[in-house]
Protein chains: 2
Amino acid sequence: MERPTLLISRTKVERNIGRMLKKTKQSNTIFRPHFKTHQSVEVGELFRKRGINKITVSSVSMAELFAGHSWDDITIAFPVNLREIDKINKLSEKISLNLLTDSAYSTNQLDQSLKTKTGLFIEIDNGYHRSGLLPEQIEEIDAIVSICEKSEFLEFKGFLTHAGNTYSAKGKAEIMTIMEDAKAKLIKLKQKYLKRFPEIIISYGDTPSCSLADSFNVFDEVRPGNFVYYDVMQYHIGSCSHHDIAVAVACPVVSVYPHRNELVIYGGAVHLSKEYIAVDNNFKFYGYVVELTKNGWTEPIQGAYVSSLSQEHGIVKMPEEFITRFKPGDILGILPIHSCLTADLMKDCSVII
Amino acid sequence: MERPTLLISRTKVERNIGRMLKKTKQSNTIFRPHFKTHQSVEVGELFRKRGINKITVSSVSMAELFAGHSWDDITIAFPVNLREIDKINKLSEKISLNLLTDSAYSTNQLDQSLKTKTGLFIEIDNGYHRSGLLPEQIEEIDAIVSICEKSEFLEFKGFLTHAGNTYSAKGKAEIMTIMEDAKAKLIKLKQKYLKRFPEIIISYGDTPSCSLADSFNVFDEVRPGNFVYYDVMQYHIGSCSHHDIAVAVACPVVSVYPHRNELVIYGGAVHLSKEYIAVDNNFKFYGYVVELTKNGWTEPIQGAYVSSLSQEHGIVKMPEEFITRFKPGDILGILPIHSCLTADLMKDCSVII
C-alpha cells in the first residue's frame, strides 16, 4: 500500500446487498440498484451473482460503462442530457434503456431525435426540489404523456422520484413520513394514467428510507444506491450501523505532531472529497478514523476524526493516548463521509478485500 | 460539447503566468510554480515556453507525470511519503528531486533507504498548522540537519513554508503581515545554518500573498500554484479580479424551472467539487455562472450562482429576467470556487481554448 487506496469489504458489500434484496423480494418490488455509488464493474458482479439484472445509473457515460459489461436493462436517472443524443441512440439500439424527463420541451426534442424504442419516466419532485415536475403540474405531465402516446419511439414507463430530502430528515419517523408522502403522490399519478398506459410503474429511490422501511409495498420498483457501501453520513442519519460501512480509504501517515494531538495523512480532498458533517457551526469533520486489520478494519477510534482537508493533506485529530502509536509510514483507514463522492475520486485506486 | 468540460483560457493563463514571472524576475527570485493546480502537461508547456524549468508538485505520482514530460527539476512539496521510497529512488536517479521532511524520524528513514543524491527541505509551519516544524523546534531541526550532514545521499536544501493561513486572512494588509512574519521566521533559520550550509535557500508559497506582494525580495524562491487559473475563492480573498479566472466548467442545461428561478445543469460534485463559499450560515454557493462566448465567457451573470450540488446535478439560481433565456440543451459556464479541486476532477475532460 503506497498511496491512498479505497478498500472495499466484500463481506460487508454482500451483506448490504443481501439485506436490501431480501426486503425487495418480500415486497415483490423490482430491485434496480443505483450503480452511481460504486461505479465499479467488479462490485456490479456481486449484484449480478445475486440475480439482479436491472440497474440505475446517473449519466450516459456510466450507462456506456455497464452496457459494455453485459448490463442490458439500464435506467439513466438524470434529466435527459439532449447533448448526448447520439450516444443515447447507440445505447438504446443495444440495450433496454430508460430515460428521465421533466418537461414537454425535452420530451419533444427526444421524440424528434430518437431512432429506436426507448423507455421514458416522468420525474416527479416529491418536495426535494432538485429536479422533476411537481405532482400538481398536471398540464405539463399531460403534455409529456401525449407526446409519448403519439411517438414512434418513446415508451412511457411511469413515474419516478428520488426522495433526497430524507438526507436532511431527523430520525426514522420523519424519513418514513417523507416516503409515505412520496408514495401517495406517485400512486395518485399512476392511477390517473393507468387506463391509458396499463404497464406504467412507480419507481422510488434513496438509501435512508429504503434502509429504514420494513417493506416497499405499493412501490413497483426501488433504486437505492448508497446502501452498498453506506458511509458516515448514513450512519449519522441512522440508516446503518458503522459495521455496515463497507469502504475505508487506506492513507499513509506522513507526519505526527504529538504537541497538537494531530497527524497528517496522505489523503486529501482529491481522495475523500470535501463532504463533511457539521455538528455545529464550530465543529466540522471529514471522516472517522479506523485501524486496519488483517481482513478489514477496527471500529472507529474514539475521539479521532479528520478535522481538515486540503488537496492532498488530511489532518487527523486524535486523543493523546492514541497519537503516539503512529509514525510516518504507518497506514490509517478513513471512513468517508459520502462514499459516492469518495468512490468516484478513488475509481482508479480501489481494491476489494 | 456533450458533457461537463473544463475550458481553460490560454490568454488568461498566459497573462497570469506573465504577471507572476515578471515579479519574480524583478525580485531576482527563483520561480518554481506549483503544478498541482493544473496537473496538465499542456498547461505545463505554457510555463516552459516562458523559460520556467523548475516546478513544484504535491505527490510522487505528479512528479512521475511531469518527469515523463522532460521536467527535470522537481520539488515534491508534501511531507515525504516513506511508502513510495522505490518510486522516489527511481525519480531521483533521473531528475533533480527535492523532498520535504518535518521530522528526524522520516529523515532517518530516508537516509537509510535513498540510493542517490536527493535534495531535502525542512518544512516550517509558519502558523498555518497543517504540516511542518514550528520555527522554535530547534532541537528537531538540528537533528534533521545533522542527519543530512552525515548522509551520503541527503542534501540539505533549506527551509520551505506554505502560508496557507493567507486563505482565511481578511484583506491585503493581513495577508502581507502573514508573509512578513513567515519571511522573518525563515530568514532567522537560514542565518542560523548558513555557515554550515552556504547553499541553503528559503522557499515560500501561496497564491494570495504572491499575488498581492509588490516584490519577493529576501525569499530565494516562490512556489505559488493556484494563480495560473485563480478561482472564485481567490476573487473573494482579493488575489485577483474575476477577469483573471482562467477556467470555467461548461455544463449542459438539463432542466429549467421558471417557477422557482432555478435550472439544473449536468455538472455536480464530481465535476466542480463540494468546495463552497459561505457568505453567512444561511448562504453558501458553489460557483458563479457565466455565458459562453465565441472565445471565452462573459462576466458572471449578476445574481446567478450554483446553490447546491449533488453527485451529477448542479442547481443554478438565477434572477427571473435571465431564467427564461435558457432551455435544456443549452450550455452554461460555471466559474469554480476552488480551481485546484475542479481541475483535478476534470483532468480527463478539459480543453485549452
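Fair warning: this is a prediction, and the values are worked out from it, not measured in the lab.

## Let's talk about the overall build of chain A
At step 1: Scanning chain A for helices and strands turns up 12 helices and 18 strands.
At step 2: A compact globule built from 353 residues should have a C-alpha radius of gyration of about 20 Å, and chain A, at 22 Å, falls within 12% of that.
At step 3: With the C-alpha coordinates aligned to their principal axes, the bounding extent of chain A is approximately 70 × 40 × 35 Å.
At step 4: Expressed as a percentage of its 353 residues, the buried residues of chain A come to 56%.
At step 5: A sequence separation of at least 24 residues applies to 65% of the contacts in chain A between residues at least 6 apart.

## A look at the interface of chain A and chain B
At step 1: Counting from both sides, the interface comprises 44 residues of chain A and, opposite them, 44 residues of chain B.
At step 2: When residues of the side of chain A that touches chain B are traced back to their parent elements, those giving at least two are strand S4 (73-79), helix H5 (104-113), strand S10 (247-257), strand S11 (262-266), helix H10 (269-272), strand S16 (313-317) and helix H12 (339-345) of chain A.
At step 3: Here the residues of the side of chain A that touches chain B are counted per class, giving 16 nonpolar, 16 polar and 12 charged.

## Some remarks on the domain arrangement of chain A
It is common to give the size of an interface as the accessible area lost on bringing the parts into contact.
All names here are of chain A.
At step 1: For chain A, the assigned domains are domain 1 (32-229) and domain 2 (246-352).
At step 2: Placing the centre of domain 1 and that of domain 2 at their C-alpha centroids yields a distance of 34 Å.
At step 3: Counting residues at the interface gives eight residues for domain 1, matched by eight residues for domain 2.
At step 4: Residue composition of the side of domain 1 that touches domain 2, by class: two nonpolar, four polar and two charged.

## Observations concerning the packing of helix H1 (residues 10-26) of chain A against helix H2 (residues 41-48) of chain A
Residues and elements named next belong to chain A.
At step 1: Where H1 meets H2, the axes come as close as 10 Å, and the angle between the chain directions of the two elements is 45 degrees. Here H1 lies oblique to H2, going by the angle between them. Relative to H2, H1 is oriented so that their crossing is right-handed. Where H1 abuts H2, its residues Val13, Glu14 and Ile17 lie against Val43, Leu46 and Phe47.

## Focus: the relation of the copies chain A and chain B
At step 1: Note on the copies: chain A fits chain B at an RMSD of 0.0 Å, the axial shift is 0.0 Å, and the rotation between them is 180 degrees. Both copies of the chain, as the preceding transformation shows, are related through a two-fold rotation axis. Taking C-alpha positions as the reference, the residue of chain A nearest the rotation axis is Lys274(A), at 2.8 Å.

## Re the packing of helix H3 (residues 60-67) of chain A against helix H4 (residues 85-94) of chain A
Residues and elements named next belong to chain A.
At step 1: With their axes 11 Å apart at the nearest point, H3 and H4 run at an angle of 30 degrees to one another. Here H3 is positioned roughly parallel relative to H4, judged by the angle of their axes. The hand of the H3/H4 crossing is left-handed. Mapping the contact onto sequence places Val60, Ala63, Glu64 and Ala67 in H3 and Lys87, Ile88, Leu91 and Lys94 in H4.
At step 2: Partitioned by chemical class, the residues of the contact of H3 with H4 number five nonpolar, no polar and three charged.

## Quick word on the environment of Ile353(B)
All names here are of chain B.
At step 1: Mapped onto the elements of the fold, Ile353 is located in the segment after strand S18 (350-352).
At step 2: In the structure, Ile353 is positioned 251 residues away from Asp102 in sequence and 41 Å away in space, judged by C-alpha atoms.
At step 3: Dropping the residues within four chain positions of it, Ile353 is found in contact with Leu7, Ile8, Ser9, Arg10, Asn295 and Gly296.

## Brief notes about the pairing of S4(A)
Residues and elements named next belong to chain A.
At step 1: Burial analysis of S4 places six of its seven residues in the buried class, the great majority of the element.
At step 2: Taken together, the three bridges between strand S3 (residues 55-57) and S4 define a ladder with parallel strand orientation. Paired with Ile55 across the strands is Ile74, a residue of S4.
At step 3: As a crossover connection, the stretch from S3 through H3 into S4 is right-handed.

## Examining the sheet that holds strand S5 (residues 96-101) of chain B
Residue and element names in this part refer to chain B.
At step 1: Strands sit in the order S2-S9-S8-S7-S6-S5-S4-S3 across an open sheet of eight strands; the sheet is parallel. If you trace the sheet from one side to the other, it starts and ends with strand S2 (30-31) and strand S3 (55-57), each paired once.
At step 2: Judged from the two bridges that link them, strand S8 (residues 201-205) and strand S9 (residues 221-222) form a sheet pairing that is parallel. From the neighbouring strand, Tyr204 faces S9, where its bridge partner is Val222.
At step 3: Its contacts with the sheet put helix H3 (residues 60-67) on S3 and strand S4 (73-79), and the angle it makes with S4 is roughly 170 degrees.
At step 4: Sitting on the sheet, helix H6 (residues 138-150) is in contact with S5, strand S6 (118-123) and strand S7 (154-162), with an inclination near 150 degrees to S7.

## Some points on the pairing of strand S1 (residues 5-8) of chain A
Residues and elements named next belong to chain A.
At step 1: Of the two faces of S1, the one lined by Thr5 and Leu7 and the one lined by Leu6 and Ile8 are each fully buried.
At step 2: By the bridge criterion, four bridges tie S1 to S10 in an arrangement that is antiparallel. In the sheet register, Ile8 faces S10, and the bridge partner there is Val247.
At step 3: Across three bridges, S1 lies against strand S18 (residues 350-352) in parallel orientation. Within S18, the position partnered with Leu7 by the bridge is Val351.

## With respect to helix H6 (residues 138-150) of chain A
A turn of α-helix holds 3.6 residues, and therefore any two residues three or four places apart point the same way.
Residues and elements named next belong to chain A.
At step 1: Taking 1.5 Å per residue, 13 residues should reach 18 Å; H6 reaches 18 Å between its end C-alpha atoms and fits that length.
At step 2: For H6, the complete set of buried residues consists of Ile141, Ile144, Val145, Ile147 and Cys148. Seen from one end, H6 has its buried residues packed into an arc of 155 degrees, which puts them on one side. Among the exposed residues of H6, those oriented more than 90 degrees off its buried face are Glu139, Glu149 and Lys150.
At step 3: Along its buried surface, H6 packs onto strand S5 (96-101), H5, strand S6 (118-123), strand S7 (154-162) and helix H7 (171-193).

## Topic: the nonpolar core
At step 1: Val289(A) and Val289(B) are the most contacted members of the largest nonpolar core, which has 220 residues in total.
At step 2: Sequence-distant contacts of Val289(B), defined by excluding residues within four places in its chain, comprise Pro300(B), Ile301(B), Ala304(B), Tyr305(B), Val306(B), Val316(B), Met318(B), Leu332(B) and Ile334(B).

## Notes on unusual backbone geometry
Residues and elements named next belong to chain A.
At step 1: Backbone geometry at Gln39 places phi at a positive 50 degrees, although glycine is not the residue there.
At step 2: As for its position among the elements, Gln39 is in the loop between strand S2 (30-31) and H2.
At step 3: On the basis of neighbour count, Gln39 is assigned to the buried category, with 23 C-beta atoms found within 10 Å.

## Some points on the sheet that holds S5(A)
Residues and elements named next belong to chain A.
At step 1: Strand order in this open sheet of eight strands is S2-S9-S8-S7-S6-S5-S4-S3, and the pairing throughout is parallel. Lying at the two open borders of the sheet, with one neighbouring strand each, are S2 and S3.
At step 2: Here H6 sits on the sheet and contacts S5, S6 and S7; the angle it forms with S7, its principal contact strand, is near 150 degrees.
At step 3: Contacting S7 and strand S8 (201-205), H7 crosses the sheet at an angle of about 160 degrees to S7.

The rules behind each value
Residues numbered from 1 in each chain as written. Chains lettered and ligands numbered in written order. Predicted model: local features only at pLDDT ≥ 70, side-chain atom pairs only at ≥ 80, totals over all residues. Helix = DSSP H or I, 4+ residues; strand = E, 2+ residues; numbered from the N terminus. Rg over C-alpha atoms; globule rule 2.2 N^0.38 Å. Buried ≥ 20, exposed ≤ 12 C-beta atoms within 10 Å, placed from the backbone. Contact = placed C-beta atoms within 7 Å. Nonpolar A, V, L, I, M, F, W, Y, C, P; charged D, E, K, R; others polar. Domains from an automatic or database assignment. Axes fitted to C-alpha atoms, helices over the stretch in contact; angles between N-to-C directions. Parallel < 35°, antiparallel > 145°, perpendicular 65-115°, else oblique. Left-handed = near helix turned anticlockwise from the far one by under 90°. Least-squares fit on C-alpha atoms with pLDDT ≥ 70 in both. Pairing = 2+ DSSP bridges. Right-handed = clockwise from strand over helix to strand, strands pointing away. Expected span 1.5 Å × (residues − 1). Arc of directions from axis to C-beta. Core = buried A, V, L, I, M, F, W, Y, C linked by C-beta atoms within 7 Å.

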